[in-house]
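Okay, here's what each chain looks like letter by letter:
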Protein chains: 2
Amino acid sequence: MSRIRRDPTADRWVIVAPERADRPMLYGPPGAATAACPFCPGNEHLTPPEVLAWGRPSPAPDTPGWRGRVVPNRYPALGPEAPVGADPVGPGLFLERPGHGGHEVVIETPEHRWRPEAIDAGALTDTLAVCAERMKVWSARPGIRYVLLFKNHGEAAGATIPHPHFQLLALPLVPRTVREEAAAAARHRRREGTCLLCRLLEAERADGARWILETGALVAMAPYASRVPYEVWLLPRSHESRFEDSPVLGETAEALGGLLAALARVLGDVAWNLVVHTAPPEGDAEASSYHWHVELLPRTVRFAGFEWGSGLAMNPVAPEAAARALRDRLRS
Amino acid sequence: MSRIRRDPTADRWVIVAPERADRPMLYGPPGAATAACPFCPGNEHLTPPEVLAWGRPSPAPDTPGWRGRVVPNRYPALGPEAPVGADPVGPGLFLERPGHGGHEVVIETPEHRWRPEAIDAGALTDTLAVCAERMKVWSARPGIRYVLLFKNHGEAAGATIPHPHFQLLALPLVPRTVREEAAAAARHRRREGTCLLCRLLEAERADGARWILETGALVAMAPYASRVPYEVWLLPRSHESRFEDSPVLGETAEALGGLLAALARVLGDVAWNLVVHTAPPEGDAEASSYHWHVELLPRTVRFAGFEWGSGLAMNPVAPEAAARALRDRLRS
């Protein structure tokens with residue numbers, strides 16, 4: 001069972017999950033056989049029994065014919081077997097809590113290989129809708145304080161299985177990044193009476209230099225303090241706190257597909273992480289002032305000693321240059 | 001010139017340094033020619049004019065014969081040309097400050113290739129002593145609020161040049177990681193009257209499971225909440241705030257050599273980052289309660305969407321198992 005430990009020298013929690021050391025690395029030379037891929041049709045027995053599937057004509061679970069599948073992660077970072085809601089305990093400086101939570105995989109497509117030029121917005125819409133449903137299911141469970149949805153694409157982004165999939169991690173705590181964003185949003189609202197990200201969108205539209213895309217309901221921009229080259233944020237134009245409650249997931253899928261295709265035109269077969277930032281489940285003031293957004297983080301540079309030592313990021317590409325390049329390649 | 005930008009949605013600063021995009025990547029197949037290596041003897045003209053060198057019989061700067069050299073980074077993240085001490089400015093939500101500071105490279109040895117089995121503790125002592133001197137020089141300069149010393153080894157650790165070198169970055173702000181550690185240390189001292197890390201060392205010695213090495217003046221341990229597999233902290237047994245003022249740099253070099261050799265025996269030719277955590281230059285209460293330490297972070301796993309989205313780390317190797325493996329291989 002995994003444990004969540006607090007670093008006594010800093011406000012930092014770490015999930016220690018030895019089970020995950022056994023994960024196989026399934027990246028190989030391009031075109032390598034996918035016989036061993038647990039996410040390919042026909043290999044359903046290689047995953048734990050499925051939570052749900054969509055698009056399968058037959059009612060038999062764990063059989064081929066699906067368009068998408070949700071399965072428990074076989075090497076979970078957190079598990080439901082740990083005591084619910086246990087407080088951190090420990091002798092003296094050593095505080096840890098059981099790794100209570102959930103870790104699911106949302107397999108997006110039967111196709112093993114992801115090709116940016118062939119993104120199917122309809123399929124991605126279905127995937128996002130299923131992800132949103134699973135987020136709501138997990139949020140309602142006892143002991144869960146946050147549900148993190150993310151996707152790793154490519155070895156350099158930490159992916160171990162190339163077959164397209166999202167991951168959902170249900171956590172017994174609100175992670176630091178979200179806590180800090182929620183606190184900044186609540187602070188801004190108390191002071192200015194407005195949503196920080198709504199205000200930021202106005203300022204970014206007026207400036208224009210980091211603006212990438214605008215659709216009916218969504219905006220994409222290179223954030224002012226982009227941590228990595230070609231970082232992109234995609235967010236709703238009007239205020240919405242929770243991704244999982246959003247009425248514009250179809251438009252989100254379409255915009256995301258366009259952005260990923262543009263990214264591939266600019267950077268080639270680049271690795272990236274995608275992270276959904278949504279408000280914490282609890283209905284407090286901080287949650288309602290939170291504005292959900294998707295962060296897309298290409299991995300062209302590596303974190304080094306500077307970043308470890310400082311907590312600062314070092315970005316060798318100006319966000320304005322990144323936005324210009326992505327804008328130029330969105331329609332070509 | 002680089003800029004340091006504040007993310008308006010979080011307490012996060014980013015150095016945007018487009019000059020660094022031009023850095024050449026000098027890793028190649030093992031045994032590749034080093035003709036292009038700017039840190040090899042004979043190639044002194046490939047670096048900016050040296051700040052100092054040691055071990056060279058001739059008085060002529062930028063010529064071979066040295067045992068070590070300090071040069072300005074040719075692709076600096078921060079530079080002295082920016083206005084000193086300028087406050088962050090910007091319209092509305094957009095705050096940035098000029099990238100004022102310094103970025104130096106300390107070339108440790110004329111040898112291009114680093115071999116863990118041939119670490120020379122004497123040479124490393126000289127290097128650390130020079131690094132400490134440069135830290136003091138930069139700390140005394142106007143507008144500098146922190147000096148970060150670090151080393152990247154291997155491509156996976158973000159190094160672009162294999163030739164062994166340290167980097168020193170003089171910053172116009174105290175980086176977040178150090179601020180947080182200093183605050184935790186000051187809080188502990190106010191509450192308990194002792195140094196947090198001195199207290200932690202007592203607890204770790206009593207526990208023993210994460211203890212790796214003990215010398216006359218130093219201790220190495222796997223931190224309780226290790227963020228990555230085989231993370232190691234090396235620190236003085238008695239309270240010292242500043243690495244650059246330490247009387248035990250020779251012993252530090254020797255212990256570090258032993259640890260790096262043990263790490264190579266356990267993990268093979270692994271990439272790692274080494275970061276020196278020292279108290280901020282300013283002489284406040286937080287600085288004196290700070291206990292310097294060296295953090296050694298092997299890079300066997302990649303940061304992925306989970307880490308980006310949460311600010312938590314996920315470590316698949318228990319620190320106790322890592323400490324045991326390193327202890328076992330220290331003397332063999």
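Residues numbered from 1 in each chain as written. Chains lettered and ligands numbered in written order. Predicted model: local features only at pLDDT ≥ 70, side-chain atom pairs only at ≥ 80, totals over all residues.

1. Here we look at the overall build of chain A
- A count of helical and extended segments in chain A gives seven helices and 14 strands.
- Here the C-alpha radius of gyration of chain A, 20 Å, is about what a compact globule of 332 residues would show, namely 20 Å.
- If you line up chain A on its principal axes, its C-alpha atoms span 55 × 55 × 40 Å.
- Burial analysis of chain A (332 residues in total) assigns 51% to the buried set.
- At a minimum sequence separation of 6, the contacts of chain A that also span at least 24 residues come to 69%. (Helix = DSSP H or I, 4+ residues; strand = E, 2+ residues; numbered from the N terminus. Rg over C-alpha atoms; globule rule 2.2 N^0.38 Å. Buried ≥ 20, exposed ≤ 12 C-beta atoms within 10 Å, placed from the backbone. Contact = placed C-beta atoms within 7 Å.)

2. So, the sheet that holds strand β11 (residues 232-236) of chain B
All names here are of chain B.
- Overall, antiparallel pairing links the ten strands, which are arranged β3-β4-β6-β8-β7-β12-β13-β11-β10-β9 in an open sheet. Edge strands, defined here as strands with exactly one partner in the open sheet, are β3 (52-54) and β9 (211-214). Strand-to-strand, the axes of this sheet are offset by a mean angle of 20°, without reference to chain direction.
- One ladder, built from four bridges, connects strand β4 (residues 68-72) with strand β6 (residues 102-107); its direction is antiparallel. (Pairing = 2+ DSSP bridges. Axes fitted to C-alpha atoms, helices over the stretch in contact; angles between N-to-C directions.)

3. Topic: the nonpolar core
- L234(A) and L234(B) are the most contacted members of the largest nonpolar core, which totals 184 residues.
- At eight residues, the largest contribution of residues to this core is made by helix α4 (residues 249-267) of chain A.
- Each residue touching L234(A), except ones within four places of it in the same chain, is listed here: L218(A), A220(A), T252(A), A255(A), L256(A), L259(A), H293(A), V294(A) and L296(A). (Core = buried A, V, L, I, M, F, W, Y, C linked by C-beta atoms within 7 Å.)

4. Notes on the interface of chain B and chain A
- Taken together, the contacts link 65 residues of chain B with 65 residues of chain A.
- Counting residues per element, the ones that place at least two in the side of chain B that touches chain A are β1 (3-7), β2 (12-16), β7 (146-153), α2 (176-192), α3 (196-207), β12 (272-277), α6 (305-310) and β14 (313-315) of chain B.
- In the side of chain B that touches chain A, the residues fall into 39 nonpolar, 13 polar and 13 charged.
- Bridging between strand β2 (residues 12-16) of chain A and β14(B) involves three bridges; their strand directions are parallel. Its bridge partner lying in β14(B), V14(A) is registered against A313(B). (Nonpolar A, V, L, I, M, F, W, Y, C, P; charged D, E, K, R; others polar.)

5. Details of the confidence of the model for chain A
- With 93% of its residues at a pLDDT of 70 or more, chain A shows a mean pLDDT of 92.
- Across the interfaces of the predicted complex, the ipTM metric reaches 0.93, alongside a pTM of 0.94. (pLDDT = per-residue confidence, 0-100.)

6. Examining the packing of helix α1 (residues 121-139) of chain A against α4(A)
Residue and element names in this part refer to chain A.
- The N-to-C vectors of α1 and α4 enclose an angle of 125°; their axes lie 8 Å apart at closest approach. Judged on the interaxial angle alone, α4 and α1 are oblique. Read as a crossing pair, α1 and α4 show a hand that is right-handed. Residues A121, L124, T125, L128, A129 and A132 of α1 pack against L249, G250, T252, A253, E254, L256 and G257 of α4.
- By residue class, the composition of the contact of α1 with α4 is eight nonpolar, four polar and one charged. (Parallel < 35°, antiparallel > 145°, perpendicular 65-115°, else oblique. Left-handed = near helix turned anticlockwise from the far one by under 90°.)

7. Topic: the environment of W13(A)
- Mapped onto the elements of the fold, W13(A) is located in strand β2.
- Those residues in contact with W13(A) that lie beyond four places of it in its chain are I4(A), R5(A), R6(A), L173(A) and L312(B).

8. Overview of the pairing of β2(B)
Residue and element names in this part refer to chain B.
- Among the five residues of β2, four are classified as buried, and the element is accordingly described as predominantly covered.
- Here five bridges tie β1 to β2, and the two strands are oriented antiparallel to one another. Its bridge partner being in β2, R3 is matched across the sheet by V16.
- Counted along the chain from β1 to the antiparallel partner β2, the turn is four residues long.

9. Some points on the environment of P175(A)
Residue and element names in this part refer to chain A.
- Along the chain, P175 turns up in the loop between β8 (165-171) and α2 (176-192).
- Given 21 C-beta atoms within a 10 Å radius, P175 is considered buried.
- Between the C-alpha atoms of P175 and P24, which are 151 residues apart in sequence, the distance is 27 Å.

10. A closer look at the packing of α4(A) against helix α7 (residues 319-330) of chain A
Residue and element names in this part refer to chain A.
- Here α4 crosses α7 at 110°, and the two axes come no closer than 8 Å. Of the possible angle classes, the one that applies to α4 and α7 is roughly perpendicular. Contacts from G258, A262, L263, R265 and V266 of α4 reach α7 at A325, L326, R329 and L330.
- Each residue belonging to the contact of α4 with α7 can be placed in one class, and the counts come to six nonpolar, one polar and two charged.

11. Points about helix α7 (residues 319-330) of chain B
Residues and elements named next belong to chain B.
- Counted at 1.5 Å a residue, the expected span for α7 with its twelve residues is 16 Å, and the 16 Å between its end C-alpha atoms agrees.
- Restricting attention to buried positions, one finds in α7 the residues P319, A322, A323, A325 and L326. For α7, the arc enclosing every buried residue in end-on projection is 165°, short of the 170-degree limit, so these residues lie on one face.
- Of the surrounding elements, those touching the buried residues of α7 are β9, β10 (218-221), β11 and α4 (249-267). (Expected span 1.5 Å × (residues − 1). Arc of directions from axis to C-beta.)

12. Some thoughts on the domain arrangement of chain A
Residues and elements named next belong to chain A.
- The domain architecture assigned to chain A consists of domain 1 (3-20 + 28-175) and domain 2 (177-330).
- Between the C-alpha centres of domain 1 and domain 2 the distance comes to 22 Å.
- If you list the elements that add at least two residues to the side of domain 1 that touches domain 2, you get α1 and β7 (146-153).
- With nine residues, the top contributor of residues to the side of domain 1 that touches domain 2 is α1. (Domains from an automatic or database assignment.)

13. What about α2(A)?
Residues and elements named next belong to chain A.
- With 17 residues, α2 extends 24 Å from end C-alpha to end C-alpha; this agrees with the ideal 24 Å at 1.5 Å per step.
- Buried within α2 are the following residues: T177, V178, E181, A182, A184, A185 and H188. All buried residues of α2 project into a common sector of 160° when viewed along the axis, lining one side. Facing away from the buried side of α2, by more than 90 degrees, are the exposed residues R190 and R191.
- Directly beyond the C-terminal end of α2, a positive phi value near 80° is found at G193.

14. Some thoughts on the relation of the copies chain B and chain A
- Rotating chain B by 180° about the axis while translating it 0.0 Å along that axis superimposes it on chain A, leaving an RMSD of 0.0 Å. Interpreted geometrically, this transformation is the action of a two-fold axis. Minimal C-alpha separation from the rotation axis in chain B is found for F303(B), amounting to 4.3 Å.
- A share of 100% of the interface residues of chain B reappears at the interface of chain A, consistent with the copies meeting face to face through the same patch. (Least-squares fit on C-alpha atoms with pLDDT ≥ 70 in both.)

15. Some details on unusual backbone geometry
- A positive phi angle, close to 70°, is found at Y230(A), a residue other than glycine.
- Within the secondary structure, Y230(A) sits in the loop between β10 (218-221) and β11 (232-236).

16. Some remarks on the sheet that holds strand β5 (residues 96-98) of chain B
- Across the sheet, four strands lie side by side as β14(A)-β2(B)-β1(B)-β5(B); this open sheet has mixed pairing. In this open sheet, the two edge strands, each paired with only one partner strand, are β14 (313-315) of chain A together with β5 of chain B. Strand after strand, the sheet turns through a mean of 25° between neighbouring axes, direction not considered.

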